[in-house]
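Okay, here's what each chain looks like letter by letter:
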Amino acid sequence: MDIIAALHLDWPNLIGGFLLGSTGAYAAHILYDRRQTAALASRLRKRYGKLARAYSNYRPDGSATGGSVQLTQKPDGSFEIVGLNLDRTVDWESVLRMDEKIENLGTAYYRYKPGKNHGVQYIRYAPETDELHVKGVRQSAGPPLEFHHIWRPKS
């Protein structure tokens, strides 16, 4: 009988402690994730904030495409990109995320406004020339298409 009495558990306190402990651990995890996300966004904004501006679009041979590109940095450190035609109408839109680990390299996913064409852009910032070098690969239907552009800051 003494063994059975010794095994008696205080169930209300045990359940209450479990609920409070698991709720506290969950809240701590959420706060930690938010702090890590905010720190990453801050580092990206500080490192790449200078890229938020207007660019002229050029082909690799140096000829102008006639279009331009506008980069706007978002609070999470990524960039909204808008590709504009010569008449300033929107041609395509994209979101660029710079890589935290690989310096000056980012990936963007573009979508043309009038059609269903879309794909991926690999963007490398060249600080020595203050240019963005872009390699685009179409992922939508049709024959494979790869293109290269150089985005130079507008004066």
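Heads up: the structure comes first, above all this text.
Since the model is a prediction, treat every value here as computed from it, not as a measurement.

Chemist: Got a minute to help me understand helix 2 (residues 11–48) in this structure?
Modeler: Turn by turn, an α-helix covers 3.6 residues, leaving residues three or four places apart pointing in a common direction. A rise of 1.5 Å per residue sets the reference length of helix 2, with its 38 residues, at 56 Å; its end C-alpha atoms lie 55 Å apart and thus fit the reference within 8%. Here helix 2 has its buried residues at Ala 41, Leu 44 and Tyr 48.

Chemist: How do you make sense of the pairing of strand 6 (residues 118–126) when you look at a structure like this?
Modeler: Every other side chain in a regular strand lies on the same face of the sheet, so the side chains alternate between the two faces. Across seven bridges, strand 5 (residues 105–112) lies against strand 6 in antiparallel orientation. If you follow Thr 107 over to strand 6, its bridge partner there is Tyr 122. Joining the antiparallel neighbours strand 5 and strand 6 is a turn of five residues. Bridge count between strand 6 and strand 7 (residues 131–138): eight bridges; the pairing is antiparallel. Considered in strand 7, the bridge of Ala 126 is made with Glu 131. In this antiparallel pair of consecutive strands, strand 6 and strand 7, the connection spans four residues, and Asp 130 shows a positive phi of 55 degrees.

The rules behind the values
- Residues numbered from 1 in each chain as written.
- Predicted model: local features only at pLDDT ≥ 70, side-chain atom pairs only at ≥ 80, totals over all residues.
- Heavy atoms only, no water.
- Helix = DSSP H or I, 4+ residues; strand = E, 2+ residues; numbered from the N terminus.
- Expected span 1.5 Å × (residues − 1).
- Buried < 20%, exposed > 50% of the residue type's maximum accessible area, 1.4 Å probe, protein only.
- Pairing = 2+ DSSP bridges.

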